[in-house]
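So you can see what is in the structure, the chains are spelled out below.
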Amino acid sequence: MRKVAICAPATPLKRKYAEAVAALAKAEYPEIDLHFHEQCFVEEGHFAGPDEIRLAALLNCANDPSIDAVWFAKGGYGSNRIAQAFIDHVSDAAREKSYFGYSDCGTLLGALYRAGIGQSVHAPMPVDIKRERGKDAVRRTLSYFAGDESGLEPSLGKKPAVAFNLYTLAMLVGTPLMPDLSGHEVMIEEVGEYEYAIDRLLFHVTSQLGDIAGLRLGEITAIPVNDRPFGSNAEEIAQDWCSRSGIPYLGRAQVGHSSANRIVPFGLEARGLRA
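Residues numbered from 1 in each chain as written. Predicted model: local features only at pLDDT ≥ 70, side-chain atom pairs only at ≥ 80, totals over all residues. Heavy atoms only, no water.

Trainee: How would you sum up the sheet that holds strand E6 (residues 161-165)? Please name residues and give values.
Mentor: Taking strand neighbours across the sheet as the criterion, the four strands line up as E6-E7-E8-E9 in an open arrangement whose pairing is parallel. The two strands at the open ends of the sheet, each matched to only one other strand, are E6 and strand E9 (249-252). Recorded for the sheet is a direction-independent mean angle of 20° between the axes of neighbouring strands. (Pairing = 2+ DSSP bridges. Helix = DSSP H or I, 4+ residues; strand = E, 2+ residues; numbered from the N terminus. Axes fitted to C-alpha atoms, helices over the stretch in contact; angles between N-to-C directions.)

Printed below as a string of structure tokens:
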């Protein structure tokens, strides 16, 4: 049986969503043993508890040798506040695990990838159960826990790949947590940002990524309506900044804030490949 611990490094999860995910796993994936840390449901202002409580829960899940994988409950701002302390205090047991999530938790995935700790995997989270067809998204990750790789991003090939929320990646670059993405295919997605903000973020990110193998654009969802048209859609914006920076534009990817979000293991080793 594969034992998976779930904690909330950023914002709290509603208990009803945890119960729905637990019921789904029990009914369809008896080989998966889910453990929701009680910290998932703590609320203090914006966060799932203060920094020290969130850090303690994350370390508790990661450093427990009986746990096979750590699944981040949801995103929302906050994981960056504890990321460095987490990396500084992981045990040997934490280095043998896989870590699953996306959105704000891409900060932790990137930090782990930089440090060579475990395997970072962009994947749907328990909170996705609330979406339309949310069970399909959650099943994708549960199936991956069970050894089924049918939920992988279709474009994955023989080059190392990563997937990030664009805003999260923009905040990560230039920090001590940013991994070296040379030679990687970088997939980006965004939610709830104006087109001019996407343009601004890509201006910054494409100037910092260096010699990556290329950029793929995932879903850009819930774009607010501005007081005037920007004049370019998200794909045109991505193509423009790739052209300006000399980064190959590789097309689209099925990653993003929707139930269609696919799984992207960081690098090659998680897919049984070698550079």
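Trainee: Talk me through helix H4 (residues 106-115); I want residue IDs and the actual numbers.
Mentor: The element H4 is extensively covered by neighbouring structure, given that seven of its ten residues are classed as buried. Looking one or two residues past H4, glycine 116 carries a phi angle of roughly 70°, positive in sign. (Buried < 20%, exposed > 50% of the residue type's maximum accessible area, 1.4 Å probe, protein only.)

Trainee: Lay out the side chain of aspartate 104 with the relevant residues and their values.
Mentor: Relative to the helices and strands, aspartate 104 resides in the loop between strand E4 (98-101) and H4. It is arginine 54 that comes nearest to the buried, bridge-free aspartate 104 among opposite-charge side chains, at 7.5 Å. If we skip the residues at most four places from it in the chain, aspartate 104 touches Ala10, Gly75, Gly76, Tyr77, Gly78, Ser79 and Thr168. (Lys, Arg positive; Asp, Glu negative; His and termini not counted. Salt bridge = Lys/Arg side-chain N within 4 Å of Asp/Glu carboxyl O. Contact = heavy atoms within 4.5 Å.)

Trainee: Residues and numbers for the pattern of salt bridges, please.
Mentor: When the charged atoms of two side chains with opposite charge come close together, those side chains can pair. What the rule picks out here adds up to eleven salt bridges. Between glutamate 38 and arginine 15 there is a salt bridge; the shortest N-O distance is 2.6 Å. On the criterion of sequence distance, the pair formed by glutamate 38 in the loop between strand E2 (32-36) and helix H2 (51-63) and arginine 15 in helix H1 (residues 15-28) is long-range, its members being 23 residues apart. Residue classification places arginine 15 among the partly exposed positions, given a relative accessible area of 39%. The closest approach of N and O atoms between arginine 131 and aspartate 128, which form a salt bridge, is 2.6 Å. Residue class for aspartate 128 comes out buried when judged on its relative accessible area of 1%.

Trainee: Outline the packing of H2 against helix H3 (residues 80-88), supporting the account with residue identities and numerical values.
Mentor: Here H2 crosses H3 at 45°, and the two axes come no closer than 10 Å. Between H2 and H3, the interaxial angle falls into the category oblique. Taken as a pair, H2 and H3 cross one another with a handedness that is right-handed. Residues Asp51, Arg54, Leu55, Leu58, Leu59 and Ala62 of H2 touch H3, and the partners they reach there are Arg81, Ile82, Ala85 and Phe86. (Parallel < 35°, antiparallel > 145°, perpendicular 65-115°, else oblique. Left-handed = near helix turned anticlockwise from the far one by under 90°.)

Trainee: So what about unusual backbone geometry? Which residues, and what values?
Mentor: With a phi close to 60°, arginine 133 is a non-glycine residue in the positive phi region. Tracing the backbone through its elements, the reader meets arginine 133 in the loop between strand E5 (119-122) and helix H5 (134-145). The exposure class of arginine 133 is exposed, given its relative accessible area of 59%. If you check the backbone angles, alanine 222 has positive phi at about 50° while not being a glycine.

Trainee: Before we move on, can you summarise the UniProt feature "domain: LD-carboxypeptidase N-terminal" (unreviewed entry) in the protein with the specific residues and values?
Mentor: The UniProt feature table records "domain: LD-carboxypeptidase N-terminal" (unreviewed entry) at residues 4-122. Helix makes up 39% of residues 4-122 and strand makes up 18%, while its end C-alpha atoms are separated by 16 Å. (UniProt positions renumbered as here; feature names shortened; annotations may be inferred.)

Trainee: Before we move on, can you summarise the packing of aromatic side chains with the specific residues and values?
Mentor: Applying the stated criterion across every chain, the model contains nine aromatic pairs. Measuring from ring centre to ring centre gives 6.4 Å for phenylalanine 86 and tyrosine 99, while their planes differ by 75°; the resulting arrangement is edge-to-face. Note that phenylalanine 86 is positioned in helix H3 and tyrosine 99 in strand E4, a separation of 13 residues in sequence. For the pair shown, phenylalanine 86 and tyrosine 99 are each scored as buried. With centroids separated by 5.5 Å and ring planes inclined at 85°, the aromatic side chains of tyrosine 113 and phenylalanine 266 adopt a geometry described as edge-to-face. Note that tyrosine 113 is positioned in helix H4 and phenylalanine 266 in the segment after strand E10 (264-265), a separation of 153 residues in sequence. By relative accessible area, phenylalanine 266 is classed as buried at 4%. One aromatic cluster in this structure is built from Trp71, Phe100, Tyr144 and Phe145. Across from the ring centre of phenylalanine 41, 4.0 Å away, lies the NZ or CZ of arginine 15, which sits over that ring. Over the face of the ring belonging to tryptophan 241 we find arginine 244, whose NZ or CZ atom lies 4.4 Å from the ring centre. (Phe/Tyr/Trp six-rings, centres within 6.5 Å; stacked < 30°, edge-to-face > 60°. Lys NZ or Arg CZ within 6 Å of the ring centre and 35° of its normal.)

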